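# Per-entry structural report
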Amino acid sequence: MNLDSLLPNLGEWLRGSGPESDVVVSTRIRLARNIVNFPFTNRAGHKQKAEILAKAQEALVHADLPDPLQFIEVTNLTALDRQFLVERQLISRELATVLDGPRGAAFDAKESVSVMVNEEDHLRLQVLRSGFALDEAWQDIDRLDDALEVKLTYAFHPQFGYVTACPTNVGTGLRGSVMLHLPALGITKQIDKVFRALQKINLAVRGLHGEGSRAFGDLYQISNQVTLGKSEPKILNEIREVIQTILQYERQARAALLKERRQDEQNRVARAIGTLSSATMITSEETMELLSAVRLGIHLKLLDDLPPTTVNQLFIHTQAAHLQKLMGQPLDGEERNAARAKYLKSKLRELGSSR
Amino acid sequence: MKCQFCPNEATVHLTKIVKATPRKQEVHLCETCARERNLIPDQATPHVDLKALLGLLLGPLQPQSAGKPRAVETPALTCPTCGLKYEQFRAEGRLGCPDDYVAFQSALEPLLERIHQAQTHLGKVPAAVRRGHREADLKDLKKKMKAAAKAENYEEAARLRDLIRQKEATDESR
């Protein structure tokens, strides 16, 4: 499969639409599942992993689903392609580079559904949705789970529920994550207060790429920690309530910014555009920080006619693997910073002239 | 105030509000001890290690340098299916196979209580498992019906017969 065909698309999570998309970038739900009569991945040998992979592939390719899944073996992919899929949020960094042995991934053409095979658990099902869409994401993943269960026998304990390699995931195996863009809470220095409150109620806050990753560009993922003792709808409801509160805080902070320091903000956004369209070397981190200002500028209507999808496109295309695919050649760090600056400059000029 | 783990001055103060008495539980530590227990992240991220925090607040308060060796209860359990020992799991944090949940059940229950504040799954059940339950229920009801008929308790037998019919008629998908 040639992954380059995905390059022009933004993928479901960067579609830039969906409910509450001024603050909520995307919603993700994942389910951890394991197949009976096999050890968990970390204790499975090469042969057992190959067997699990074959069983999973059979189920994934033939499952009765509204959109068919494309299956790929991770070991057949180049390092660049693996990184590319990580940047598109279709596979985890662990599956791409840390783990070894037979492992796979499957996803649909819309890049809304993806399944990893032989990650920490035999199967990690994932549904991504643009905007704040926990119910829709749950319906999709529940259906996917049912469809796979027709073909596979899941390991299930009468008391503990769906069993997982790590006891932090046992029970429902469900992790719901909502990715938020919270620049105004950052500017007004209230973000730490919000996170302290979240931790008290057992919700985790992570950066863009999940566990242990830093928060770049004011993007944060909020997710549940508890997976046992609550039904799936209850877990999702608890996340929903908290997200609604954070949404209010962020919008209040944005309104206050507009009211009290509109000119400062306008200046900050204009400078961000200025740097993005005139730099000759720029890192991915700086790009993300500046794009965060631009995104906020769009939603505060401080910028004319720049659609939010532009920011998403620049955001994904300036990440390392995407950039190298666009340029059609491998680039080292310095070369990437130059190529990134060049790409941003030409894209923004293109948009400027079309306006 | 002194750190509860070493002689240094305490600079980190944790308070846990509990419903039962005592209403408030406090822990005081110095920065070094707090770092050792992963309560302060190394980088300046907003991420506090919640598990470490909970572990400290929920677990018994024991200075690590206490005179008598700490009796750490690691049950000597081994999974007959995959051969994983419970102490190996505690060291690595990952279980070996689904049967570990059966072999280590007694030890996992308190651990799950600490992680999830629960020990029993309440949520989706695989359709195959649901069907299994339904069949077992029906078998049980039929046995009871036969027993009632044999004891000439026809009223009860009729009630059970209706219940069985009703159960058999319901959609087995959910």
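You'll find the structure just up there.
The rules behind these values
Think of each chain on its own: its residues are numbered from 1, step by step along the sequence as written. A letter from A marks each chain and a number from 1 marks each ligand, given out in the order of writing. Totals for whole chains, interfaces and linings use every residue, but because this is a predicted model, local features are given only for residues with pLDDT of at least 70 and side-chain atom pairs only at 80 or more, for both listing and counting. To get the side-chain values, all heavy atoms of the structure are used, and hydrogens and water are removed first. Only runs of H or I of at least four residues qualify as helices and only runs of E of at least two qualify as strands under DSSP, and these elements are numbered from the N terminus. For every residue, the accessible area obtained with a 1.4 Å probe (protein chains only) is divided by the maximum for its type, and the residue is called buried under 20%, exposed over 50%, and partly exposed between those limits. Contacts: residue pairs with any heavy atoms within 4.5 Å of one another. Using a 1.4 Å probe, accessible areas were evaluated by the Shrake-Rupley method; residue-level cover was limited to the displayed protein chains. Charged residues are defined here as Lys and Arg on the positive side and Asp and Glu on the negative side; His and the ends of the chain fall outside this count. In plain terms, the charge of a residue is placed at NZ if it is Lys, CZ if Arg, CG if Asp and CD if Glu. Helix span is expected to be 1.5 Å times the residue number reduced by one. To be clear, the arc concerns the directions from the helix axis to the C-beta atoms. Any two strands with at least two DSSP-identified bridges between them are counted as paired. All axes here are fitted lines through C-alpha atoms, helices being fitted over the stretch that makes contact, and every angle between N-to-C directions spans 0 to 180 degrees. Should an angle fall under 35 degrees it is called roughly parallel, over 145 degrees roughly antiparallel, and 65 to 115 degrees roughly perpendicular, with every other angle called oblique. Each crossing is labelled by how the near helix is turned from the far one, with a counterclockwise turn of less than a right angle marking it left-handed and a clockwise turn marking it right-handed. Buried area: the accessible area, evaluated with a 1.4 Å probe, that two parts lose upon being put together, summed over both parts. Salt-bridge detection follows one rule: a side-chain nitrogen of Lys or Arg within 4 Å of a carboxyl oxygen of Asp or Glu. Here a polar contact means two N or O atoms within 3.5 Å. Within protein one must be a hydrogen donor candidate and the other an acceptor candidate, and residues neighboring in sequence count only if both atoms are side-chain atoms. For this classification, Asp, Glu, Lys and Arg are treated as charged, while Ala, Val, Leu, Ile, Met, Phe, Trp, Tyr, Cys and Pro are nonpolar and the rest, including Gly, are polar.

## What to know about the overall build of chain A
In terms of regular secondary structure, chain A is built from 11 helices and 10 strands. Dimensions of chain A, computed from the C-alpha atoms along their principal axes, are close to 65 × 45 × 30 Å. Counting the 355 residues in chain A, one finds 58% classified as buried. Here the analysis covers contacts within chain A between residues at least 6 apart in sequence; of these, 71% occur between residues at least 24 apart. For chain A, the exposed surface amounts to about 14500 Å²; the carbon and sulfur share of it is 48%. Each charge sign in chain A was given a centre, from 44 positive and 44 negative side chains, and these centres are 4 Å apart.

## Details of helix α10 (residues 320–327) of chain A
Every buried residue belonging to α10(A) is among A:Ala321, A:His322, A:Leu323, A:Gln324 and A:Lys325, and all of these are buried. Positive backbone phi, approximately 70 degrees, marks A:Gly328, located one or two places after α10(A).

## Regarding helix α7 (residues 154–169) of chain B
Residues and elements named next belong to chain B. Given a rise of 1.5 Å per residue, 16 residues ought to cover 22 Å, and the 22 Å separating the end C-alpha atoms of α7 matches this to within 8%. Here α7 has its buried residues at Ala157, Leu160 and Ile164. In a view along the axis of α7, the buried residues occupy a sector of 65 degrees, so they form one face of it. Those residues of α7 that are exposed and aimed more than 90 degrees away from the buried face are Glu155, Arg165, Gln166 and Ala169. In this structure, the buried side of α7 is in contact with α6 (127–150).

## Comments concerning the pairing of strand β3 (residues 104–107) of chain A
Residues and elements named next belong to chain A. Neither face of β3 is exposed, since Gly104 and Ala106 on one face and Ala105 and Phe107 on the opposite face are all buried. Direction of pairing for strand β2 (residues 70–73) relative to β3: antiparallel, over a ladder of four bridges. By the bridge assignment for β3, Ile72 is matched with Ala105. Here β3 runs beside strand β4 (residues 113–117); their pairing, made up of four bridges, is antiparallel. Looking at the pairing, Ala106 lines up with Val115 of β4. What sits between β3 and β4 in their antiparallel hairpin is a turn of five residues, with Glu111 showing a positive phi close to 60 degrees.

## Some thoughts on the packing of helix α7 (residues 232–278) of chain A against helix α8 (residues 284–299) of chain A
All names here are of chain A. Contact geometry for α7 and α8: axes closest at 9 Å, N-to-C directions at 135 degrees. Judged by the angle between their axes, α7 and α8 are oblique. The interaxial crossing formed by α7 with α8 has left-handed handedness. Two secondary-structure elements touch here, α7 through Arg254, Leu257, Glu265, Arg268, Val269, Ala272, Ile273, Thr275 and Leu276 and α8 through Glu286, Thr287, Leu290, Leu291, Ala293, Val294, Leu296, Gly297 and His299.

## Examining the interface of chain A and chain B
Listed per partner, the contact involves 42 residues of chain A and 40 residues of chain B. A buried area of about 3500 Å², summed over both sides, lies between chain A and chain B, and 59% of it is on carbon and sulfur atoms. Among the residues chain A hides against chain B, the three largest losses belong to A:Arg43, A:Gln159 and A:Pro167. Together they make up 18% of the total. A salt bridge links A:Asp145 to B:Lys124; the shortest N-O distance between them is 2.8 Å. In this assembly, chain A and chain B are joined by 21 residue pairs in polar contact (both at pLDDT 80 or more). Those elements that provide at least two residues to the side of chain A that touches chain B are α4 (134–151), β6 (156–157), β7 (161–162) and α6 (191–200) of chain A. No other element matches the five residues that α4(A) contributes to the side of chain A that touches chain B. Here the residues of the side of chain A that touches chain B are counted per class, giving 17 nonpolar, 14 polar and 11 charged.

## Re the sheet that holds strand β1 (residues 24–33) of chain A
All names here are of chain A. Across the sheet, eight strands lie side by side as β2-β3-β4-β5-β1-β8-β10-β9; this open sheet has antiparallel pairing. Both outer strands of the open sheet, β2 and β9 (203–206), are each paired with one neighbouring strand and no more. Within the sheet, the average angular offset between the axes of one strand and its neighbour, ignoring direction, is 20 degrees.

## Overview of the pattern of salt bridges
Enumeration over the complete set of coordinates arrives at 29 salt bridges over all chains. Among the ionic pairs, A:Glu238 bridges to A:Lys230, the shortest N-O distance being 2.8 Å. You can call A:Glu238 partly exposed: its relative accessible area is 31%. Its salt-bridge partner being B:Lys167, residue B:Asp137 comes within 4.0 Å of it at the nearest N-O pair. Of the two residues, B:Asp137 is situated in helix α6 and B:Lys167 in helix α7; the sequence distance between them amounts to 30 residues. Since its relative accessible area comes to 37%, B:Asp137 is described here as partly exposed. Assessed through its relative accessible area of 31%, B:Lys167 is described here as partly exposed. A single salt-bridge network, built from bridges that share partners, covers A:Arg33, A:Asp142, A:Asp145, A:Asp146 and B:Lys124.

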